[in-house]
Amino acid sequence: MGLLVLGKPLAWEDSKQHAAHVKEHGVAQLINIWKRLKDRDGDQLLWGDEIEYMILSFDDENKNAKLSLCQADLLPKLESLTTDLCSKDPAKAGTIPTFHPEYGRYMIESTPGSPYTGSLPDLLSVEQDMRFRRVLARQHMKPNQLPMTITSFPRLGVPGVFTEPYFDPSDAVSSHSLFLPEEITNPHARFPTLTANIRRRRGSKVAINLPIFHDTNTPKPFIDPTIPWDRNVYKEDSEAKNGAALPDHIYLDAMGFGMGCCCLQITFQANSLEEARSVYDALIPVGPIMLALTAAAPAYRGYLSDVDCRWNVIAGSVDDRTEEERGLKPLKNNQYVIPKSRYDSVDSYLSSDPPCRPDYNDNVFLYDQPVYERLIEAGLDEPLAKHFAHLYIRDPLVIFSDRIDQDDENSTDHFESIQSTNWQTLRFKPPPAGSKIGWRVEFRSMEVQITDFENAAFSVFIVLLSRAILSFGLNFYIPISKVDENMQRAQKRNAVKEQRFWFRKHVYPLGNSVAYMHSTPTSSSPPESPVSDGFGQSAIVDGGQEAPTKAFSSPDQSRCPSPLSSVSGTGRLEDEYEEMTINEVINGNGEDFPGLVGLVNAYLNSLDVEFEQKRRMRKYMDFVKQRANGTLKTTATWIREFVRSHPTYKFDSVVSQEINYDLCKALDELERGVRRANDLLPADYQGTNYEGCP
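Residues numbered from 1 in each chain as written. Predicted model: local features only at pLDDT ≥ 70, side-chain atom pairs only at ≥ 80, totals over all residues. Heavy atoms only, no water.

Examining the side chain of Ser272
Now for step 1: Structurally, Ser272 can be placed in the loop between β9 (264-269) and α9 (273-283).
Now for step 2: For Ser272, the contacting residues outside a window of four places in its chain are Arg40, Asp41 and Trp439. (Helix = DSSP H or I, 4+ residues; strand = E, 2+ residues; numbered from the N terminus. Contact = heavy atoms within 4.5 Å.)

Put into structure tokens, the structure is as follows:
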């Protein structure tokens, strides 16, 4: 989570005195990166995932599933374990994962020990790698503890005991929360300082209001009886009763409610700067689609909400905008009225080529004019300069007193202090200082899933989609305002089945098409001829020519036509896109648009792939397809239905301690494969083997 360094962080009143200095030198550091690496070319596709876990502690006697605040004890054990594994067999060191701290003291993050390539063997190893990480983590936990990939803990912030050990929320000196204790936050100085500085800069606590799910016996209006309306510990305690807590909503008041959620993120290394821009632009409209498809967060602070996703919770949890910046007061002390939180959807495309019509960037787009002029003078083109200048309308939130003065030639800390606290659906990432890493794109919208089969399936799907985009020169551009609409629709309850999403109607290069075949069952035996390989016929591109066979682990693969050079729009903007269901976006709506799975299948057909590899890959594509067409439920829907079908549920929207305990037990059983849920997971799903674990 962001930049972790040692040192003394400054409180907001001291920090803001150095904000201009940090910004000035952050821009200088970015310019130095640009000058050194703008022409870097030929990097191989390398990518990795980040999976976040909650550590749960189960009190079987009292039927209470609690958040275990054990990060500080667990991480040194995992570090020692992975170090020992690497030293015992150095040849396999790259297969040993790494574990990292996260915002919540009950959270850890895992990443692969070394990046994956784009080869099919690597892609097919992702699930096993994810399972290996979970097994390693579990081996060093107590018998009643479990690492679980849950997006949002349903009883975070309820009255009573929801952490192990218990702490009183009245000591929340950083957040001043009515619900979350100070001890829930990672003690590294960056995290409580970030929490406190967001509150101080904003001038109040953050205020997140999620609509309550009105069940049969939910009071109307719903006025939350669990809010300590009359607490008088901090000056902000009266905010709830003075209007911050809305009727018929679940009120959340701290950064921990958002940054205490878990997610699944993917980072790609691109061949070059221009390829990174191509992938970034193309995946912007995909972000909301994948958010809806991975929806996994229907419950907050002990209640069922009327949303299925975490996104707006996190956006609100780090919203440091003042009243002036939110448009509630006339500008006096601040420079801009800013439409969004610093955690939100992408605000602009990056391309300067004709396919990216200026009209696509149709939102109000603020940027720091002096920063923009410096970047233009340094040689950045207009879209890229505006993108980075847009980040600089925000202030740095954490400044370390002993790192104010830096060597701008060899450090990027000041740049990262701005870059890493602009959390959007995608992040465009320049190469880090002194590293062999190239230009990267981080895909950030997905919610983490209960099983590593699901997490691997979605990860591999996004990687393959990025390769299809580059190979076929696909164009997914729609107006940014429509992407924003999609982000809000994606979070609604049962969005996969009930919402429609703006998406581009024709995605192929002008004059070209990609033939795709409808999915057919994969035979258990090798095909007799190349055209019956279970994915349909070979992909056809360039007006009827069969796509060349190539291995997509090669750097040359990404030199295929890109959406920035292959497609140009000249007609009416409104004719380029339409509303589609998730099923249509993913699985197609006819020959003109094969859907994202159809595009990935066509790409796979263009490769020289063994039948068994295609068969295994097909399991992932089938899963994505079935999630989109409703055959398999989203995690959010499954959780909501579990709660509502629990024998003690009173149809009052309340997720009780016992219901939550049984839910978390059930989710663990699903992951281990001892509970079947053929409406959530494929019938042949096999759980993780924890033989030898506590």
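Digging into the packing of helix α20 (residues 595-605) against helix α21 (residues 611-629)
Now for step 1: Orientation of α20 relative to α21, taken along the N-to-C sense of each, is 170°, at an axis distance of 11 Å. Between α20 and α21, the angle is such that the two are roughly antiparallel. Of the residues in α21, those in contact with Val597, Val600, Asn601, Leu604 and Asn605 of α20 are Lys614, Met617, Met621, Val624 and Lys625. (Axes fitted to C-alpha atoms, helices over the stretch in contact; angles between N-to-C directions. Parallel < 35°, antiparallel > 145°, perpendicular 65-115°, else oblique.)

Quick notes on the pattern of salt bridges
Now for step 1: With the rule as written, the count across this model stands at 56 salt bridges.
Now for step 2: Glu658 is the partner of Lys63 in a salt bridge, and the nearest nitrogen-oxygen pair spans 3.7 Å. You can see Lys63 sitting in the loop between β1 (46-59) and β2 (64-68) and its partner Glu658 sitting in helix α23 (residues 657-672), a full 595 residues away along the chain.
Now for step 3: The residue Glu236 makes a salt bridge to Arg199 at a minimum N-O spacing of 3.2 Å. (Salt bridge = Lys/Arg side-chain N within 4 Å of Asp/Glu carboxyl O.)

Considerations on the packing of aromatic side chains
Now for step 1: Scanning the model with the defined rule gives 27 aromatic pairs in all.
Now for step 2: For the pair Phe388 and Phe428, a centre-to-centre distance of 6.3 Å together with 55° between the ring planes defines the contact as tilted. In this pair, Phe388 sits in helix α13 (residues 382-391) while Phe428 sits in strand β14 (residues 426-429), placing the two residues 40 residues apart along the sequence. In this pair, the class of Phe388 matches that of Phe428, namely buried.
Now for step 3: Ring plane angle 25° and centroid distance 5.6 Å describe the contact between Trp638 and Phe642, whose orientation is recorded as stacked. With a gap of four residues between them, Trp638 and Phe642 both fall in helix α22 (residues 635-645), about one helical turn apart. (Phe/Tyr/Trp six-rings, centres within 6.5 Å; stacked < 30°, edge-to-face > 60°. Buried < 20%, exposed > 50% of the residue type's maximum accessible area, 1.4 Å probe, protein only.)

With respect to helix α5 (residues 126-139)
Now for step 1: With 14 residues, α5 extends 20 Å between its outermost C-alpha atoms, agreeing within 8% with the 20 Å of an ideal straight helix rising 1.5 Å per residue.
Now for step 2: Within α5, 11 of the 14 residues are buried, which leaves the element mostly enclosed by the surrounding structure.
Now for step 3: What α5 keeps buried is the set Val126, Glu127, Asp129, Met130, Arg131, Arg133, Arg134, Val135, Leu136, Ala137 and Arg138. (Expected span 1.5 Å × (residues − 1).)

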